[in-house]
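Notes for the structure review
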Amino acid sequence: MIGAMGFLSRRRAEPRPRWLTRALIGSLPIPLALACSPGSEQPSPRFERVILLTCDTLRADRLGCYGYERSTTPNLDALARGGLTFEHAFASAPMTTPAVSSVMTGRLPREIGAVPGNRRVLPPEAVTLAEVIAAAGIPTLAVVSNWILHERADEAGARVGVAQGFDVFDDEMERQERNRGEFERTARPTTQAAISRLEELLVQGDERFFLWVHYQDPHGPYEPPPGALRELFAGGALPRSAERLALGTSSKGAGQIPAYQALAEERDPEVYRALYDAEIRHFDAELGRLLGFLRARGLLDDALVLFTSDHGESMGEHDHWFCHGENVFREQVSVPLILSAPGSAAVHWKPGERSSALAGQVDVFPTVLAALGLEGPDVRGVSLLAGAPAERILPQDLFSPKGLVPAVSDGRHRAVWSAASETWALYDLEADPLETRDLSSEDPARLAALVEAHAELHLELNRAALEGSDLSVDVEGEGRLRALGYSGDEDD
Ligand SMILES: [Zn+2]
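All of the points below concern the structure found in this document. (Residues numbered from 1 in each chain as written. Predicted model: local features only at pLDDT ≥ 70, side-chain atom pairs only at ≥ 80, totals over all residues. Heavy atoms only, no water.)

1. Overview of the environment of Glu131
Tracing the backbone shows Glu131 in helix α5 (residues 129-135). Counting along the chain gives 34 residues from Glu131 to Gly165, while the straight-line C-alpha distance between them is 3.9 Å. For Glu131, the residues in contact, after removing those within four places along its chain, are Ala126, Gln164 and Gly165. (Helix = DSSP H or I, 4+ residues; strand = E, 2+ residues; numbered from the N terminus. Contact = heavy atoms within 4.5 Å.)

2. Comments concerning the coordination of the zinc ion
Here the zinc ion is held by Asp56 (OD), Thr96 (OG1), Asp310 (OD) and His311 (NE2), and the distances to it run 2.0 to 2.1 Å. Around the zinc ion sit four donor atoms; with metal-centred angles ranging over 99 to 130°, the donor geometry is tetrahedral. The motif formed by the donor residues of the zinc ion, counted along the single chain, is D-x39-T-x213-D-H. You can see Thr96 sitting in helix α4 (residues 96-105) and its partner Asp310 sitting in the loop between β11 (303-309) and β12 (314-315), a full 214 residues away along the chain. Of the residues examined, Asp310 reaches a relative accessible area of 2% and is grouped as buried. (Donors = N, O, S within 2.8 Å, 3.2 Å for Na, K, Ca; no water. Tetrahedral: all angles 85-135°; square planar, octahedral: opposite > 155°, others 65-115°. Buried < 20%, exposed > 50% of the residue type's maximum accessible area, 1.4 Å probe, protein only.)

3. Here we look at the environment of Arg273
Examined against the element boundaries, Arg273 turns out to sit in helix α8 (residues 269-296). Classification of Arg273 by relative accessible area gives buried; the value is 18%. As a C-alpha pair, Arg273 and Phe322 span 49 residues in sequence and 8.2 Å in three-dimensional space. Only 2.9 Å separates the side chain of Arg273 from the side chain of Glu270, close enough to count as a polar contact. (Polar contact = N/O pair within 3.5 Å; in protein donor to acceptor, adjacent residues only side chain to side chain.)

4. A word on unusual backbone geometry
A cis geometry characterises the amide bond from Val115 onward to Pro116, with omega recorded as 0°. Counting through the fold element by element, Pro116 comes out in the loop between α4 and β3 (120-121). Residues Gly220 and Pro221 are joined by a peptide bond in cis, for which omega reads 0°. Tracing the backbone through its elements, the reader meets Pro221 in the loop between β10 (209-215) and α7 (226-232). The backbone of Ala264 sits at a positive phi, close to 50°, despite the residue not being glycine. If you trace the backbone, Ala264 turns up in the loop between α7 and α8. Looking at Ala264, the relative accessible area reads 55%, which means it is exposed.

5. Things to note about the sheet that holds strand β7 (residues 168-170)
Adjacent strands of a sheet pair through backbone hydrogen bonds, lying either parallel or antiparallel. The mixed open sheet is built from eight strands, whose spatial order is β7-β4-β10-β1-β11-β14-β2-β15. What marks the edges here is a single partner per strand, and that holds for β7 and β15 (353-360). Sheet twist, expressed as the average angle between the axes of neighbouring strands with direction ignored, equals 15°. Sheet strands in contact with α8 are β1 (49-55), β10 and β11, and its direction is about 165° off that of β10. Contacts from helix α10 (residues 364-371) reach β1, β10, β11, β14 (337-340) and β15 within the one sheet, and its direction differs from that of β11 by about 170°. (Pairing = 2+ DSSP bridges. Axes fitted to C-alpha atoms, helices over the stretch in contact; angles between N-to-C directions.)

6. Concerning the pairing of β14
The alternating pattern of β14 places Leu337 and Leu339 and Ile338 and Ser340 on opposite faces, both of which are buried. Inspection of the sheet shows strand β2 (residues 84-90) paired to β14 by two bridges, in the antiparallel sense. Residue Thr85 lies in a different strand from β14, and its bridge partner there is Ile338. Relative to β14, β11 runs antiparallel, the two being bridged by four bridges. When the bridges of β14 are listed, Val305 appears paired with Ser340.

7. Structural notes on the packing of helix α6 (residues 187-203) against α8
Direction vectors running N to C along α6 and α8 enclose 15°, while the axes themselves pass 8 Å from each other. In terms of orientation, α6 and α8 fall into the roughly parallel class. Of the two elements, α6 crosses α8, and the hand of that crossing is right-handed. In this structure, α6 uses Ala187, Arg188, Thr191, Gln192, Ala194, Ile195, Leu198 and Glu199 to contact α8, whose residues at the interface are His282, Phe283, Glu286, Leu287, Arg289, Leu290, Phe293 and Leu294. Looking at side-chain class alone, the contact of α6 with α8 contains nine nonpolar, three polar and four charged residues. (Parallel < 35°, antiparallel > 145°, perpendicular 65-115°, else oblique. Left-handed = near helix turned anticlockwise from the far one by under 90°. Nonpolar A, V, L, I, M, F, W, Y, C, P; charged D, E, K, R; others polar.)

8. Digging into the pattern of salt bridges
Using the criterion set out here, one finds 30 salt bridges in the structure. Residues Asp268 and Arg244 are paired through a salt bridge, measuring 3.7 Å at the closest nitrogen-oxygen approach. Here Arg244 lies in the loop between α7 and α8 and Asp268 lies in the loop between α7 and α8, a separation of 24 residues in the sequence. Overall, Arg244 belongs to the partly exposed group, its relative accessible area being 45%. Of the charged contacts, one joins Asp363 and Arg392 as a salt bridge, the two residues approaching to 2.9 Å between their closest N and O atoms. Pair noted here: Asp363 is in the loop between β15 and α10 and Arg392 is in the loop between α10 and β16 (394-395), with a separation of 29 residues, a long-range link. Here the two residues Asp363 and Arg392 agree in accessibility, since each one is buried. (Salt bridge = Lys/Arg side-chain N within 4 Å of Asp/Glu carboxyl O.)

9. Focus on the nonpolar core
Counting 54 residues, the largest nonpolar core has Ile51, Leu53, Phe209, Leu290, Leu294 and Phe307 as its most contacted members. When residues of this core are assigned to their parent elements, the largest contribution, 13 residues, is made by α8. The contacts of Leu290, once residues within four sequence positions are left out, are Leu53, Thr191, Ala194, Ile195, Leu198, Val213 and Tyr215. Counting residues in each nonpolar core, the second largest holds 51 residues, with Ile148, Ala163, Val335 and Leu369 among its members. (Core = buried A, V, L, I, M, F, W, Y, C linked by side-chain atoms within 4.5 Å.)

10. Describing α6
In this model α6 runs 24 Å from its N-terminal to its C-terminal C-alpha over 17 residues, within 8% of the 24 Å that 1.5 Å per residue would give. Within the span of α6, buried status applies to Ala187, Thr190, Thr191, Ala193, Ala194, Ile195, Leu198, Leu201 and Leu202. Contacts made by the buried residues of α6 are with β4 (140-144), β7, β10 and α8. In the stretch just after α6, Gly205 is the one whose phi turns positive, near 85°. (Expected span 1.5 Å × (residues − 1).)

Everything listed here is a matter of geometry and, on its own, says nothing about what the molecule does.
Here it is in structure tokens:
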């Protein structure tokens, strides 16, 4: 068996993985610029505060401002109407830990030891957004409600993981999820905790800050409060279909309802889709409450608000049901990305503007630092305050303990590796947003160019990994989960 480090330390003389050899046969590559850091050439507007709002398991096309027909996100839609919406934004990975680690460092998960799987803790040597901001004397606060992001400490008691650099890291979670038994915090107490932490800060006279709030609600199992159901569906009656799915016995969502998602004997996928939407509606209402608090205190003036999610969720596409972290199709890696600066005229966008430029989680780090007028280390992302680059590629890789499942986009197309069929497919993001029509035989040169660019990146990252540090595993967390009867599957 080839373990994770075995894979990382493969040398070029060894056989190439099948996804790589399959891609390079028979086509001439077209040169494409790899994603890179252009530095901070352009002056950026400065803001007093940055408010980073993230939501777990929220695929972009379920938001009203991304075209969804149900009224799931009135508050985010209002934020988008006053800001800039990126239509082609992608997660760096379809799992919480590598994705959030990418947000917090501006780097790809493999560059910072946040792979494989979901139980790797961001190593202390990774430079985080909060560390750079705190070093400049600006207060840093976080409120997170997904258990996988909880605070860890090293042997000396210092914060590690995504908590590093935060003055305040509020990860109090008392509610245990149905089926999984994992701890979480729902949207209402999440917003309440954020407001309380802000009030504590304001008492000290600090109005300059970096706040990160991570909501958890759309993550399964889907259990929205009845009020959200009533708001979304007349009379609270769930839509139904004649379709029936198998109830799975594992946490996997290929061809079945994952065991942790199962709601009694319910097998109608339309019910699960509706409940997922209602979870989003509930989260959005609480996000609106937090924004209302900030607005009432004048804290949105001179503030940059950045909203995104960690990854998406399959709703039946490609025969995957109510899961993530299992493939790299668009439904699992497409994320919303909205910038809003309600009180500032010094931005390059007009209210309600939309960008089709390729953006990614790696761009959050340089964008936030630019907003605060701070310099940071070179990273893979770029500041979106200066506009996204016209030409780039970004990978959306699933790096599971079983190996790498790659995907890559240039903003107009995506190349996606199917582990099941061991083939690459090419999709047109504009014409085929759900990635149902494979263009690989029609446009093999474009596919080859994308995969060649990804292969170059892959080899660069492998070389870097050879010199990297050991990965750390959250042993304490594993033990706590097992004590709860959790299987340890990596589906967070
Ligand atoms: Zn997640």
